[in-house]
Structures are given as structure tokens and as C-alpha cells.
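Tertiary structure, described
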Amino acid sequence: MLKISLSSVPHSGVWGEKALVAYEAEGAVVHFAGEYPLRRIQQAARQLQSQGITQASLDGEGWSYERQWAFYCGFATPKAEVQLRWASIDEDELELLNARRRSADWVRKVVNATPEDMYPEKLADEAVSFLSSIAGEALSHEVVVGDALAEQGWIGTHSVGRASSRPPVMLTVDFNPTGDTDAPVSACLVGKGITFDSGGYSIKSSAGMVTMKCDMGGAATVTAALGYAIEQGLRQRVKLILCCAENMIAGNAYKLGDVLTYKNGQTVEIVNTDAEGRLVLADGLIAASETKAPLIIDAATLTGAAMMAVGTDYNALFGLDKALVFKAQQLSDLVNEPAWPLPLESWHQANCPSYYADTANSRVQKGGGMGGASNAAAFLSRFVDTDNCGWVHFDLAACFRDSADARWAAGATGVGVANIAAMLL
């Protein structure tokens, strides 16, 4: 393993004072002097990995928890299984690093998998397997598949997924460490699990479709967040709901002009079959509200508009409870997973009008028109009992990179996992 040490001063030798990494006889030295030291450490790790280094040992002084995690984020890659030995730190912090890595590695595994391999039932199976390995007998689950979804009233997930030869799925996981079947549910997580998104009849271009295996990033993120929270000692009952489907084209696909009637009575006109994530999440949010949990968190790779607003370094936060959204943002700073609130008011619900239903699922404009991310969040708010619970929506602009950059390899990043886990603790 290549030994990696830290230095807080610029390199003074042959590599030059601007060097991020300098090689010495004992190994490599990461020079993180300057602004944003965690970003510089992550960039250095990315540089080392891009040079073919896949085995590293963090050595010497200065390797705090945050700095080690920043290095790991830059060192991980979908092309190889990297080996990273943590520096000697407090035993509790070491356990936390290992737990966080297990969750992040699982996210990378399922999000980066090919859409041929990661289909709705497979995603549900992987989620149950991952959480069972952590929670053991404290975990139970229920799966509703295919036409049974329509029979039970989960119209959004069924409509989006019915054109695929691989059926849609709604997975409900119950983590109940109390052992009391009547214990109240303290929180409910809801994830968008679109394992491949063609756009449906509002079909995407090839360039827009090529990375759409990542459209289940929300489901992966909330699952990993629950696992990470459990490993940190979560002792309250939490439910997880994943709404999984492939959005495909076939003779039985849902169509523009269809009107869906949800279990809570809301009617939705389909004006864009590529605005499908909110349709499946609506089912999950109704189910979450039925648990009477005081906290509901959903996560989704929902809109390109959020990425246009905050870029790919931040996730976007929405909610009608401003104090709760502010708490989510504060926790994002604490765990170094940047997130930023975008506007959401109840009147945003009127921004997707329909002549034939209570609302349309978007606007008949490119990208859903102005304020598309806020309008999508407002659509979701129709399906949450916001009078009786706190609700936060994460639009995961930072959870996936279409291509590699100076800090991240291409693919899933895991950004959002620790933020949502912190909300549960």
C-alpha cells in the first residue's frame, strides 16, 4: 500500500509549491494548504487514483475523521475495488468511518449497476439484504409487485412501471428495534426507485438517457441512510418505502392525457411521461402519511431544474416547515454534504394547472417551465399530511456525476446519505 501523509504547508521541492501531491521515498504527501482544505484533499485522492493507485494507507498526523472521509470520496472509483487503510484515530471514529463507507459503497454498487442488472425487484431485494445484514431480526418487510399495486390503489407506481416486462414494486421496510408491534413510527423515508428512465412517450434523447440507471438514486440514498443511522445506534422505529419501476414504452404504457386518481383522492393529468418520479413518490408519501410518523423525508433525482439552480455540489432542500428545512441544512454542513433550500410555498401547488384534474404532473414546457424544481416539490406536497407531520424533500442534484471531474469519479457519490441519517438520530 502507498503511504499517504498530510502537510498543511505548500511543497517547497521539485514538485512546486502549487502541487497537491508530492512523492517522497516514504510515499506521497498531500499538501492541503489554502482555501477549502477538504476539497483539496479529495482532489489529491482523485489525482492519485487516476494515476492507477488503488491501494493506500493514510499515515502520520493530521488525519481527522473529516479529512479521511474527504480522501475516501476522491479515491473511490467504479472501475476498481480500492483498498484504503484508515489512519489511527479514536476507536469510535474508526467505527463511524467504516459504517459510513459500508453505506456509501452499497450506494455506489446499486446505482452504478447496469439497468439490465438492477431492475425494480432486484433493487428491492438488494435493499432488504443490505438492511437485514445490519438490523437482523429488528427488520421486517413487505413487497407489493405488478398488478397487485393497482389492486391496492398504488396507481402512480403501477402506471409508470406497467409497460416494462419487469414489474414495478413497492417495498415497505419496518425497522422496529423496540420489539413492540404497537410502537409509534418516529420517521418514514420514501425513495424514488426508477431503475431506468426512457422518458416514456415523452422520450429522452440518447444523451439524456445514457445515465438514467441513476434514477433510482433516491431509493438507494434513503436505504443507505437508514442503514448508516442504525449502525450509529438508532433505537426508534423507522419505516422505509421504496417506489420502484422502469419507465418504458409499450402498447400498454401510460400516455399523455391520462388522468390518475390517487388513494387520497387527488387526480393528476399526465402532460409529461418523463415527469414520472413524482408520480411514484406520491404513492410512497401517501403510505408514509398513513403511518402517522411525525417526520417524513423523501429523496429523489427528481428535476434537472434543481441541478440548474444549485449545481452538482449541492442537494436541493424543500419543505413547508422552514425550521425543519433549516435543520436539514445545518446537518448537511455538519456532515460535509452540502445542501441548500429552494423556494416552496403552498401556492406553488397551483403552478401546474389542469383542465381535467386537480393538477397536472408538470407544465407543457421544456423542463417543466420556470421554477420547475419548486413546482415538482409542490406537487409532492399534495400527498403529504403536512398539517400533522414535518416533511423534507431532497432533490438529489449531487448524488451522481455523469462524468469524472477533479474531485469525483463518474457515477454515484453517496452525497445525502449522512445528511438524511443525521435527521433520524
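Here the structure is a predicted model, which means the values were calculated and not measured.

With that settled, the discussion passes to the layout of surface pockets. Of the voids in this model, the largest pocket is the one considered here, and its volume is about 980 Å³. Taken together, 37 residues make up the lining of the largest pocket; nearest its centre are Lys204, Leu302, Thr303, Gly304 and Ala305. Sorting the residues of the lining of the largest pocket by element identifies strand S8 (187-197), helix H7 (206-209), helix H9 (277-290), helix H10 (304-310) and helix H12 (372-381) as the ones contributing at least two each. The leading source of residues in the lining of the largest pocket is H10, at four residues. In terms of lining residues, the second largest pocket is bounded by 40 residues, among which Ser332, Val335, Asn336, Glu337 and Pro338 are the most central. Among the elements of the structure, helix H1 (37-50), helix H2 (65-75), helix H3 (91-112), helix H11 (322-334), strand S14 (339-341) and helix H13 (417-424) are those that each provide at least two residues to the lining of the second largest pocket. With five residues, H2 is the single largest residue contributor to the lining of the second largest pocket.

Before going further, it helps to spend a moment on the state of the cysteines. Each disulfide is one covalent bond, formed between the sulfur atoms of two cysteines. Evaluation of the coordinates by the stated rule reveals zero disulfides. Free of any disulfide, Cys214 has its nearest neighbouring cysteine sulfur in Cys399, separated by 6.1 Å. Note on Cys214: relative accessible area 7%, which makes it buried.

The UniProt feature table records "domain: Cytosol aminopeptidase" (unreviewed entry) at residues 272-279. A helix fraction of 38% and a strand fraction of 0% characterise residues 272-279, whose end C-alpha atoms lie 11 Å from each other.

Among the secondary structure elements, Ala288 is positioned in helix H9. Ala288 sits 93 residues away from Ser381 along the chain, and the two C-alpha atoms are 12 Å apart. Residues within four places of Ala288 in sequence aside, it is in contact with Cys188, Val190, Ile241, Ala293 and Ile296.

Looking now at the pairing of strand S9 (residues 238-247). When you tally the buried positions in S9, you get ten out of ten residues, the bulk of the element. Across the two faces of S9 the burial is the same, with Val238, Leu240, Leu242, Cys244 and Glu246 and Lys239, Ile241, Cys243, Ala245 and Asn247 all buried. Across seven bridges, the pairing between strand S7 (residues 169-175) and S9 is antiparallel. When the bridges of S9 are listed, Asp174 appears paired with Lys239. One ladder, built from ten bridges, connects S8 with S9; its direction is parallel. The residue of S9 that forms the bridge with Lys192 is Cys243.

Our next topic: empty space enclosed by the protein. Using the criterion set out here, one finds one cavity of 30 Å³ or more in the structure. A volume near 40 Å³ is recorded for the largest cavity. For the largest cavity, the full set of lining residues is Ala76, Thr77, Pro78, Arg108, Asn112, Trp408, Ala409, Ala410 and Ala412. A class-by-class count of the residues in the lining of the largest cavity yields six nonpolar, two polar and one charged.

Now for the environment of Val415. Relative to the elements of secondary structure, Val415 occurs in the loop between strand S18 (411-412) and H13. Separated by 380 residues in sequence, Val415 and Glu35 have C-alpha atoms that sit 21 Å apart. Those residues in contact with Val415 that lie beyond four places of it in its chain are Asn315, Glu337, Leu396, Ala398, Cys399 and Trp408.

This part is about unusual backbone geometry. Positive phi outside glycine occurs at Tyr36, with the angle close to 50 degrees. Position of Tyr36 among the secondary structure elements: in the loop between strand S3 (27-31) and H1. Of the residues examined, Tyr36 reaches a relative accessible area of 58% and is grouped as exposed.

Below, the discussion takes up the sheet that holds strand S15 (residues 359-360). Here we have three strands laid out as an open sheet, ordered S10-S11-S15, and mixed in their pairing. If you trace the sheet from one side to the other, it starts and ends with strand S10 (259-261) and S15, each paired once. As judged from the two bridges shared by strand S11 (residues 267-269) and S15, these two strands associate in the parallel manner. For Glu269, the partnering residue across the bridge sits in S15 and is Ala360.

Moving on: the packing of aromatic side chains. Counting across every chain of the model gives ten aromatic pairs. Between Phe71 and Phe75 the ring centres are 5.4 Å apart and the planes differ by 35 degrees, which places this aromatic pair in the tilted class. Linking Phe71 with Phe75, this pair stays in helix H2, spanning four residues, or about one helical turn. The side chain of Lys263 reaches across the aromatic face of Trp154, ending 4.0 Å from its centre.

Here is what the cut-offs are and how they apply
Residues numbered from 1 in each chain as written. Predicted model: local features only at pLDDT ≥ 70, side-chain atom pairs only at ≥ 80, totals over all residues. Heavy atoms only, no water. 1 Å grid on protein atoms, 1.4 Å probe; cavity = no way out; pocket = protein on both sides within 12 Å on 5 of 7 lines; lining within 4 Å. Points joined across faces, edges and corners; volume = space filled by probe spheres on them. Helix = DSSP H or I, 4+ residues; strand = E, 2+ residues; numbered from the N terminus. Disulfide = S-S within 2.5 Å. Buried < 20%, exposed > 50% of the residue type's maximum accessible area, 1.4 Å probe, protein only. UniProt positions renumbered as here; feature names shortened; annotations may be inferred. Contact = heavy atoms within 4.5 Å. Pairing = 2+ DSSP bridges. Nonpolar A, V, L, I, M, F, W, Y, C, P; charged D, E, K, R; others polar. Phe/Tyr/Trp six-rings, centres within 6.5 Å; stacked < 30°, edge-to-face > 60°. Lys NZ or Arg CZ within 6 Å of the ring centre and 35° of its normal.

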